[in-house]
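Tertiary structure, described
One letter stands for each residue in the lines below.
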Amino acid sequence: MSLQTDFLNSAIKQFHYYRTLGEQAMAQVSDEDLNWLYYPDGNSIATIVQHLSGNMRSRWTDLLTTDGEKKTRDREGEFANLPLARAAILDLWHQGWNCLLGTLESLQPEDLETIIYIRNQGHTVMEAINRQLSHYPHHVGQIVLLARMRVQGPWQSLSIPHGGSESYNADKFAQEKKRGHFTDEILKK
């Protein structure tokens, strides 16, 4: 395998991981809490999902042939804190992630060196992927934090639960060394 193929496969796994993380967090909150605002001019989970979906559909639709900031995108509208039903939020979520992942899965390793544009600023496809690997996890982290703030009862840990590090590490170090991706475990669930 080439470095480009390894990079592309790794990026796809990382995006799948963050998609799963967001879904697991949202599944733990009530429908009402998806629209909850920590402060009046903040963003709800629903608003963050609108923004992620709008960004993903703009950036990854016709990646190799059009600017990543589509004229049809309403970025300001993505931040309107309008209450949305869970089904609408999840529909937006899936539209965005499916667009991103469908595009990445269609790329060839040699495409990673192609110059594309976002607001007329040139990037290689690899740079654009890295740019979004910084952007999307930032917002997924916000979703996880907002969800955790709203769950008053038991929280299903999205990583190693508190007090579980020693047991987790003992299990890992009892296994033979192998090549793997940090996302493999969560994606198997």
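Now for a description of the structure that goes with this document. Note on numbering: residues in each chain are counted from 1, in written sequence order. Given that the model is predicted, a residue must reach a pLDDT of at least 70 before its local features are reported, and side-chain atom pairs must reach 80 or more before they are shown or counted; all residues, however, enter totals for whole chains, interfaces and linings. Computation of side-chain values: all heavy atoms of the structure, hydrogens and water removed.

Some words on unusual backbone geometry
Here Asp 62, not a glycine, exhibits a phi torsion of approximately 50°, which is positive. Elements are defined by DSSP. Helices are runs of H or I of four residues or more, strands are runs of E of two residues or more, and each kind is numbered from the N terminus. For Asp 62, the position within the fold is in the loop between helix H2 (45–60) and helix H3 (75–78).

Quick notes on a nonpolar patch on the surface
A cluster of nonpolar side chains, contributed by Tyr 38, Tyr 39, Leu 145 and Met 149, occupies part of the molecular surface with about 430 Å² of accessible area. One can find Tyr 38 in the loop between helix H1 (3–26) and H2. The buried label applies to any residue whose accessible area, calculated with a 1.4 Å probe on protein chains only, is under 20% of its type's maximum; exposed applies above 50%, and partly exposed to all values in between. When its relative accessible area of 54% is taken as the criterion, Tyr 38 is described as exposed. To count toward a patch, a residue needs a relative accessible area over 30% and no salt bridge; like charges are then connected within 9 Å, while nonpolar side chains (Val, Leu, Ile, Met, Phe, Trp, Tyr) are connected within 5 Å. In this description, accessible areas are obtained by the Shrake-Rupley approach with a 1.4 Å probe, and a residue is regarded as covered only by the protein chains that are shown. Any Lys or Arg side-chain nitrogen located within 4 Å of an Asp or Glu carboxyl oxygen qualifies as a salt bridge.

Things to note about the packing of aromatic side chains
Aromatic rings from Phe, Tyr and Trp, taking only the six-membered ring of Trp, are treated as a pair when their centres fall within 6.5 Å; an angle between ring planes under 30 degrees marks them as stacked, one over 60 as edge-to-face, and anything in between as tilted. One pass over the structure, following the stated rule, counts 7 aromatic pairs. Seen in terms of ring centroids, Phe 15 and Tyr 136 are 5.9 Å apart; in terms of plane orientation they differ by 55°. Their pairing is tilted. In this pair, Phe 15 is assigned in helix H1 and Tyr 136 in helix H5 (residues 125–150), connecting sequence segments 121 residues apart. The residues Phe 15 and Tyr 136 share a single accessibility class, namely buried. A ring pair is formed by Trp 93 and Trp 97, whose centres lie 5.5 Å apart and whose planes are at 55°; its orientation type is tilted. Here Trp 97 and Trp 93 lie together in helix H4 (residues 86–106), a separation of 4 residues that amounts to about one turn. When its relative accessible area of 1% is taken as the criterion, Trp 93 is described as buried. Three or more aromatic residues joined by ring pairs make a cluster, and in this case those are Phe 15, Trp 93, Trp 97 and Tyr 136.

Bear in mind that shape data such as this cannot, by itself, settle questions of function.
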